[in-house]
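Residues per chain, in single letters:
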Amino acid sequence: AAGVIQSPRHLIKEKRETATLKCYPIPRHDTVYWYQQGPGQDPQFLISFYEKMQSDKGSIPDRFSAQQFSDYHSELNMSSLELGDSALYFCASSSRAGFHEQFFGPGTRLTVL
Amino acid sequence: AQTVTQSQPEMSVQEAETVTLSCTYDTSESDYYLFWYKQPPSRQMILVIRQEAYKQQNATENRFSVNFQKAAKSFSLKISDSQLGDAAMYFCAYRSLETSGSRLTFGEGTQLTVNP
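Model, not experiment: these values are computed from the prediction. (Residues numbered from 1 in each chain as written. Chains lettered and ligands numbered in written order. Predicted model: local features only at pLDDT ≥ 70, side-chain atom pairs only at ≥ 80, totals over all residues. Heavy atoms only, no water.)

Peer 1: Looking at this structure, how should I read the layout of surface pockets?
Peer 2: Unoccupied space between atoms shows up once a probe the size of one water molecule is rolled over them. For the largest pocket, the calculated volume is near 310 Å³. Around the largest pocket, the lining is made up of 21 residues, and of these Ala1, Gln2, Arg103, Leu104 and Thr105 of chain B lie nearest the centre. For the lining of the largest pocket, the secondary structure elements donating two or more residues are strand 5 (44-50) of chain A together with strand 1 (3-5), strand 10 (88-96) and strand 11 (105-106) of chain B. Ranked by the residues each element gives to the lining of the largest pocket, the list is headed by strand 10 of chain B, at 3 residues. Per-class residue counts for the lining of the largest pocket are 7 nonpolar, 11 polar and 3 charged. Estimated volume of the second largest pocket: approximately 170 Å³. The set of elements that each furnish at least two residues to the lining of the second largest pocket consists of strand 6 (46-52) and strand 7 (60-61) of chain B. (1 Å grid on protein atoms, 1.4 Å probe; cavity = no way out; pocket = protein on both sides within 12 Å on 5 of 7 lines; lining within 4 Å. Points joined across faces, edges and corners; volume = space filled by probe spheres on them. Helix = DSSP H or I, 4+ residues; strand = E, 2+ residues; numbered from the N terminus. Nonpolar A, V, L, I, M, F, W, Y, C, P; charged D, E, K, R; others polar.)

Peer 1: When you look at the state of the cysteines in this model, what are you seeing that I'm missing?
Peer 2: By definition, a disulfide links the sulfur atoms of two cysteines through a covalent bond. Residues and elements named next belong to chain A. Taken as a whole and assessed by the stated rule, the structure comprises 2 disulfides over all chains. Disulfide pairing places Cys23 opposite Cys91 at an S-S distance of 1.7 Å. Given an S-S torsion of about -55 degrees, the disulfide between Cys23 and Cys91 has left-handed geometry. Here Cys23 is found in strand 3 (residues 19-24), whereas its partner Cys91 is found in strand 9 (residues 87-94), with 68 residues between them in sequence. (Disulfide = S-S within 2.5 Å.)

Peer 1: Is there a simple way to explain the sheet that holds strand 8 (residues 74-78) of chain A in this structure?
Peer 2: Whenever strands of a sheet pair, they do so through backbone hydrogen bonds, lying parallel or antiparallel. All names here are of chain A. Reading across from one edge, 1-3-8-7 is the order of the 4 strands in this open sheet, with antiparallel pairing throughout. Strand pairing shows two members of the sheet lacking a second neighbour, strand 1 (5-7) and strand 7 (64-68), which therefore form its edges. Strand-to-strand, the axes of this sheet are offset by a mean angle of 15 degrees, without reference to chain direction. Summarising the sheet, strand 7 and strand 8 pair through 5 bridges and their orientation is antiparallel. Looking at the pairing, Gln68 lines up with Ser74 of strand 8. (Pairing = 2+ DSSP bridges. Axes fitted to C-alpha atoms, helices over the stretch in contact; angles between N-to-C directions.)

Peer 1: How do you make sense of the packing of aromatic side chains when you look at a structure like this?
Peer 2: Working definition: an aromatic ring pair is given by the centre-to-centre distance plus the angle between the planes. On inspection of all chains with the given rule, the structure shows 15 aromatic pairs over all chains. For the ring pair Phe104 of chain A and Tyr37 of chain B, a centre distance of 5.3 Å and an interplane angle of 75 degrees mean the geometry is edge-to-face. A residue pair is termed interchain when its members come from two chains, as with Phe104 of chain A in strand 10 (residues 103-104) and Tyr37 of chain B in strand 5 (residues 32-39). There is no split in this pair, since Phe104 of chain A and Tyr37 of chain B are both buried. (Phe/Tyr/Trp six-rings, centres within 6.5 Å; stacked < 30°, edge-to-face > 60°. Buried < 20%, exposed > 50% of the residue type's maximum accessible area, 1.4 Å probe, protein only.)

Peer 1: Is there a simple way to explain the side chain of Arg95 of chain B in this structure?
Peer 2: Positionally, Arg95 of chain B belongs in strand 10. Asp56 of chain A is the oppositely charged side chain nearest to the buried, salt-bridge-free Arg95 of chain B, at an N-O distance of 8.8 Å. Within the structure, Arg95 of chain B has its side chain in polar contact with the backbone oxygen of Ser102 of chain B (distance 3.5 Å). (Lys, Arg positive; Asp, Glu negative; His and termini not counted. Salt bridge = Lys/Arg side-chain N within 4 Å of Asp/Glu carboxyl O. Polar contact = N/O pair within 3.5 Å; in protein donor to acceptor, adjacent residues only side chain to side chain.)

Peer 1: Can you walk me through the interface of chain B and chain A in this structure?
Peer 2: How big an interface is tends to be stated in terms of accessible area lost as the parts join. In this complex, chain B contributes 20 residues to the contact, which on the side of chain A involves 21 residues. Where chain B abuts chain A, roughly 1,800 Å² becomes buried across the two surfaces, and 48% of that area is made up of carbon and sulfur atoms. On the chain B side of the interface with chain A, the three residues burying the most area are Arg43, Arg103 and Phe106 of chain B, jointly 31% of the side's total. Our enumeration of links across chain B and chain A arrives at 2 salt bridges. Here Asp56 of chain A ties to Arg103 of chain B by a salt bridge, and the two come within 2.9 Å at their closest N and O atoms. (Contact = heavy atoms within 4.5 Å. Buried area = accessible area lost by both parts, 1.4 Å probe.)

Peer 1: Could you clarify how one ought to interpret the environment of Pro9 of chain B in this entry?
Peer 2: Residues and elements named next belong to chain B. Here Pro9 is to be found in the loop between strand 1 and strand 2 (10-14). Residue classification places Pro9 among the exposed residues on the basis of a relative accessible area of 58%. Between the C-alpha atom of Pro9 and that of Leu112, which follows or precedes it by 103 residues, the distance is 8.7 Å. Contact partners of Pro9, with chain neighbours within four places excluded, come to Gly109, Thr110 and Gln111.

This is how it looks when you write it as structure tokens:
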């Protein structure tokens, strides 16, 4: 079965640089979620999109922005990177038909030097 | 806002034995889902089991079962016949059905070690 695809899997950036993380949901899934998991922490919700519209917003810094495109893939744009942004970024997807279950991608490990 | 608490940072179990991981949550809502996710060393988040709050019957998935106590706001995970592959970080998660959006709120996690 197809799973959530995230790219890149690993990313190394310098402070103050920008980064773009991509997420391709499971086919026919219309909702995408972004989570950030710092070292030794639980995943924290950042933002979600349903049918290309923002549906919920969590603790996402103003330096970050995200969107969902017409093909339902999503991108998380991160600017002015800080050392504290180093984390594992998960994308998850779900369908309104399977309203309650989120399927997670493998994550993108971002390291800011 | 809802909170999820896992009071056991670490647990260990002997292979083939049974272990129970604890989770409590705080909410004023009556409609929600609860989940247990497993995160092995690969860091992949894998859904283990889910429970709908309106269902009184406890969910079961093969060797995994839950003890859902809605009044006590408790949601423990029992792993029977533990296997080496069960070793992972386990996260309890809450999802509201009453507020907009469908974010998951996670507990701090319990690191499970399975001893051969």
